[in-house]
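Okay, here's what each chain looks like letter by letter:
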Amino acid sequence: MEKIAMLGGGSWATALTKILSENGSRVHWWMRSKDDVQHLLRTRHNPRYLSSVAHDLSRVLPTTDLEEAVREADWLVLAVPAAFVQSTLDKLGRDELKNKRVISAIKGMIPGKNVLVTDYVAERFRLPHTRLGVVAGPCHAEEVALEKQSYLTIGSPDADLAEEFCQLLRNRYVKANPAEDLDGIEYCAVMKNIIALTGGIAHGLGYGDNFQAVLVSNAVQEMRRFVHALNPQPRDLSASAYLGDLLVTAYSQFSRNRTFGSMVGRGYSVKSAQLEMNMVAEGYYAVKSIYELNRKLQVSMPITSAAYHILYEKISPAIEIELLKEKFK
Ligand SMILES: NC(=O)c1ccc[n+]([C@@H]2O[C@H](COP(=O)([O-])OP(=O)(O)OC[C@H]3O[C@@H](n4cnc5c(N)ncnc54)[C@H](O)[C@@H]3O)[C@@H](O)[C@H]2O)c1
Ligand SMILES: O=P(O)(O)OC[C@H](O)CO
């Protein structure tokens, strides 16, 4: 039986815990809230996220003791929003991940540092990238709870690690495939949130499906330019780990980033949109990281720039989308 430490109490941690435990792994599930752990132990349900899922407590072990969860496990799965990675992992000693394999299920960067989560983990815990991987692909936690057919990609420079984690995930409704492009997949997973958020802003302003389709087409080119500038290597951006993930976030009713953007387009302030959603829209933080990273690279990134101006410089969404409209073909 594989032993996994799952870090995070949100929707994605809940969905991954369901998949992994139902496939036979033992999941030491760390979350911050004592009340949520107690509730899970009493009722088998996470009170706040995907609460329809009943967990099998012979294989799911909820805890607020991070060190214990990590000590017991061979694999660590990171599923807290990127903004909380540093504060969560700083509770662990630098050698505590020695001999562990770490999978990031996070689609975001470390705010302030503007580094990928896997790069942060590699540096902080002195781990080679061959012990690291990412879970990517178009997969909403809500659809996992409903056992709808889903596809995941595990990106890692170590093909064996990627395949082993795929085996832990595959089931009747989840297909999982390995891929080697760790950086490219991780950057595109960060960027698709920015695109969906900007599409949401346009939607909130009253733009329709025609505009959204052109925004997404232009976004693919923006992603290609940026990822190639950072990490030039042949990659097929039409694969589901890249384009598929962008499409689900840009069009799904479950998308946090599109919902958040749509609220901003309709006139909500960033603060009030964040307060009203019980969930984290990673794109808000990603905009700042990618925009700042691009100060050095100087790649043409009209969509990211528009989102940055709206969210961080308080420029009117109507003006920014109007300017963007003129740049699209
Ligand atoms: N939800 C999905 O369908 C999905 C799918 C793929 C990837 N992801 C990624 O998974 C990551 C987690 O997102 P989510 O959707 O599960 O989150 P969520 O919005 O469902 O939940 C928010 C989580 O943040 C936690 N949190 C809030 N403040 C915190 C703090 N100070 N320290 C630690 N944790 C804190 C909450 O406890 C909760 O667990 C994100 O990077 C997201 O992009 C989500
Ligand atoms: O689609 P969103 O905005 O909810 O983001 C969550 C995940 O990244 C989807 O793959």
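- If you check an unreviewed UniProt entry, the protein appears there as Glycerol-3-phosphate dehydrogenase [NAD(P)+] from Hymenobacter rigui.
- In UniProt, the protein has this text filed under Pathway (unreviewed entry): "Membrane lipid metabolism; glycerophospholipid metabolism."

**Structural notes on the site of ligand 2**
- Lining the immediate surroundings of ligand 2 are K107, G137, C139, H140, K192, N193, D245, T249, F254, S255, R256 and N257.
- The separation between an oxygen atom of ligand 2 and a polar side-chain atom of K107 is 2.7 Å.
- One nitrogen or oxygen atom from the side chain of D245 is found 2.9 Å from an oxygen atom belonging to ligand 2.
- A total of 300 Å² of accessible area belongs to ligand 2 in isolation, and the protein chains cover 89% of it.
- Every element with two or more residues in the shell around ligand 2 is listed here: α8 (182-205), α10 (240-251) and α11 (256-265).
- Tallied by class, the residues present in the shell around ligand 2 amount to 2 nonpolar, 6 polar and 4 charged.

**Quick look at the UniProt feature "domain: Glycerol-3-phosphate dehydrogenase NAD-dependent C-terminal" (unreviewed entry) in the protein**
- In the numbering used here, UniProt assigns the "domain: Glycerol-3-phosphate dehydrogenase NAD-dependent C-terminal" (unreviewed entry) feature to residues 181-318.
- Helix makes up 75% of residues 181-318 and strand 0%, with an end-to-end C-alpha separation of 37 Å.

**A short note on the sheet that holds strand β9 (residues 150-155)**
- Judged by pairing direction, the sheet is mixed, and its 8 strands sit side by side in the order β3-β2-β1-β4-β5-β8-β9-β10 without closing on themselves. Either end of the sheet is taken by a strand with one partner, and the two such strands are β3 (60-63) and β10 (174-179). With direction set aside, neighbouring strand axes in the sheet form an average angle of 20°.
- Where strand β4 (residues 75-78) lies against strand β5 (residues 101-104), 4 bridges are found, and the strand directions are parallel. Following the sheet pairing, W75 is matched in β5 by R101.
- On top of the sheet, helix α5 (residues 117-124) reaches β4, β5 and β8 (132-136); it is set at about 160° to β8, its chief contact.

Scoring rules and cut-offs
- Residues numbered from 1 in each chain as written.
- Chains lettered and ligands numbered in written order.
- Predicted model: local features only at pLDDT ≥ 70, side-chain atom pairs only at ≥ 80, totals over all residues.
- Heavy atoms only, no water.
- UniProt positions renumbered as here; feature names shortened; annotations may be inferred.
- Near = heavy atom within 4 Å.
- Polar contact = N/O pair within 3.5 Å; in protein donor to acceptor, adjacent residues only side chain to side chain.
- Areas by Shrake-Rupley, 256 points an atom, 1.4 Å probe, with all protein chains shown as cover.
- Helix = DSSP H or I, 4+ residues; strand = E, 2+ residues; numbered from the N terminus.
- Nonpolar A, V, L, I, M, F, W, Y, C, P; charged D, E, K, R; others polar.
- Pairing = 2+ DSSP bridges.
- Axes fitted to C-alpha atoms, helices over the stretch in contact; angles between N-to-C directions.
- Contact = heavy atoms within 4.5 Å.

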